[in-house]
Amino acid sequence: HDTSVEEQRYLSQINYESDSFANLIRGKAHAAMPFEQEGRVYNETPLAIAGTSGASAAPVLPLPQLQSLVDPKALAAARNTRIRGGQLSNPTKLHVVVDTREFMSSLPSILHQSGFKVMPCTLEVGDYVLSPSMCVERKSLPDLIESLRNGRLVTQMQNMCRHYKIPILLIEFERDKAFGIQNPADVPKDLNFNTTQGRLAMLIWRFPKMRLMWSRSLHMTARMFADWKYAEEEPTVEAASKVGVPQGAEAGERNSVNQPAIDMLRRLPGITDSNYRRVLDAPDVVCLADLAELTMERMQEILGDPRQGRTLYEFLHAQYPVHMMGR
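Residues numbered from 1 in each chain as written. Predicted model: local features only at pLDDT ≥ 70, side-chain atom pairs only at ≥ 80, totals over all residues. Heavy atoms only, no water.

Asks: How should the side chain of Asp99 be read in this particular structure?
Replies: With respect to the helices and strands, Asp99 occurs in strand β1 (residues 95-99). With a relative accessible area of 2%, Asp99 lands in the buried category. Here Asp99 is in contact with Cys121, Thr122, Leu123, Gly126 and Asp127, once residues within four sequence places are set aside. (Helix = DSSP H or I, 4+ residues; strand = E, 2+ residues; numbered from the N terminus. Buried < 20%, exposed > 50% of the residue type's maximum accessible area, 1.4 Å probe, protein only. Contact = heavy atoms within 4.5 Å.)

Asks: I tried to follow the packing of helix α4 (residues 141-150) against helix α6 (residues 196-206) on my own but got confused; where do I start?
Replies: For the pair α4 and α6, the least separation of the axes is 10 Å and the interaxial angle reads 70°. Relative to α6, the element α4 is oriented roughly perpendicular. Touching Ile145, Leu148 and Arg149 of α4 are Thr196, Arg199, Leu200 and Leu203, all from α6. Partitioned by chemical class, the residues of the contact of α4 with α6 number four nonpolar, one polar and two charged. (Axes fitted to C-alpha atoms, helices over the stretch in contact; angles between N-to-C directions. Parallel < 35°, antiparallel > 145°, perpendicular 65-115°, else oblique. Nonpolar A, V, L, I, M, F, W, Y, C, P; charged D, E, K, R; others polar.)

Asks: Hey, could you run me through the pairing of strand β5 (residues 166-172) in this one?
Replies: Looking along a regular strand, one sees side chains alternate from face to face of the sheet. Of all the seven residues making up β5, seven are buried; the element is thus mostly covered by neighbouring parts of the structure. Alignment of strand β4 (residues 134-140) against β5, held across seven bridges, turns out to be parallel. Pairing of Lys139 across the sheet is with Ile171, part of β5. (Pairing = 2+ DSSP bridges.)

Asks: What should I look at first to understand the packing of aromatic side chains in this one?
Replies: Counted according to the given criterion, the structure contains two aromatic pairs. Pairing Phe225 with Trp228 gives two aromatic rings, centres 5.7 Å apart and planes at 40°, and the pair type is tilted. Taken together, the positions of Phe225 and Trp228, both in helix α7 (residues 218-228) and three residues apart, correspond to about one turn of that helix. In this structure Phe225 comes out as buried when scored by relative accessible area, which is 0%. Owing to a relative accessible area of 16%, Trp228 belongs among the buried residues under this scheme. (Phe/Tyr/Trp six-rings, centres within 6.5 Å; stacked < 30°, edge-to-face > 60°.)

Asks: Sorry, what's going on with α7 here?
Replies: For an α-helix, 3.6 residues make a turn, and residues three or four places apart therefore share a direction. The complete set of buried residues in α7 reads Thr221, Ala222, Met224, Phe225, Ala226 and Trp228. The backbone nitrogen of Met220 lies 3.3 Å from a side-chain oxygen of the residue at the head of α7, namely Ser217. (Polar contact = N/O pair within 3.5 Å; in protein donor to acceptor, adjacent residues only side chain to side chain.)

Asks: Just to check I follow, could you spell out the nonpolar core for this structure?
Replies: One broad rule of soluble globular proteins: the nonpolar side chains tend to lie buried together. Val97, Val129, Leu153, Met157 and Leu203 are the most contacted members of the largest nonpolar core, which totals 24 residues. Only β2 (117-121), α4, α5 (152-163), β5 and α6 provide two or more residues apiece to this core. The leading source of residues in this core is α5, at four residues. In contact with Val129, not counting residues within four places along its chain, are Val96, Val97, Leu123, Met134, Cys135, Tyr164, Pro235 and Ala240. (Core = buried A, V, L, I, M, F, W, Y, C linked by side-chain atoms within 4.5 Å.)

This is the structure we're talking about:
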């Protein structure tokens with residue numbers, strides 16, 4: 001049957017079937033979840049229940065392992081459609097302390113939808129505190145590469161390993177991108193410390209106490225948090241906010257500081273997580289303007305590192321490019 005009409009017809013059917021499966025996979029990846037099903041799963045398929053629809057089927061919590069933590073009476077009351085449109089608003093025992101800077105992402109909202117009690121707080125160590133002994137540092141792929149390059153992640157892991165029994169580094173990938181740190185074709189044959197893989201391997205070797213985890217999506221991260229918190233004590237805002245704070249710092253002094261100014265200070269060249277508090281404790285530095293008036297020798301003395309002090313001084317006293325200003 002070579003080069004016959006039957007062969008071409010058969011090959012056309014095979015190609016059509018392959019294209020149909022490819023379109024089905026592509027469409028399912030971008031399909032939107034129905035409004036009445038969003039944030040809920042069902043014990044049975046709604047279409048298999050005679051006389052019911054997806055909107056009238058009994059919903060359960062998105063995370064099945066949370067069922068034993070919910071009061072049955074509160075669950076029955078939450079199924080009343082007159083209460084906030086039938087949304088589930090049951091308090092659970094799963095608490096998580098979240099750094100206030102993490103609210104720029106969507107993960108705290110996903111955790112709240114998944115049944116967690118999200119407690120915002122300004123954390124000195126970590127991004128998410130799951131228990132008194134467990135802390136999570138969450139990194140997106142670009143942030144991970146940059147943190148490994150400038151050494152900031154090493155300082156963060158040092159603080160986490162010092163204050164927590166189970167420090168976790170969570171690498172969160174994006175669903176619409178490849179599940180990998182680097183293209184396999186771009187990975188060099190000789191692994192060295194100038195590559196991302198080499199720096200990550202060195203980080204794992206230096207901190208054997210650290211747990212390295214990864215996630216494909218925000219919802220997967222919420223499920224992982226629930227699994228990690230199993231049989232763990234719940235964290236408190238009071239205890240989590242004191243981790244990493246010097247013993248001489250009072251709670252009142254912590255709440256009275258200008259947090260936006262501190263965030264700006266920590267972004268200056270030469271300022272790191274390990275020396276920014278030395279600037280805050282300096283008696284002759286009350287504001288950022290006082291910092292700019294210091295001499296290079298005084299900056300090096302405060303930061304405790306001549307190189308970092310020189311970097312900060314040269315940045316603050318660099319000449320403004322006047323030629324770039326419009327006339």
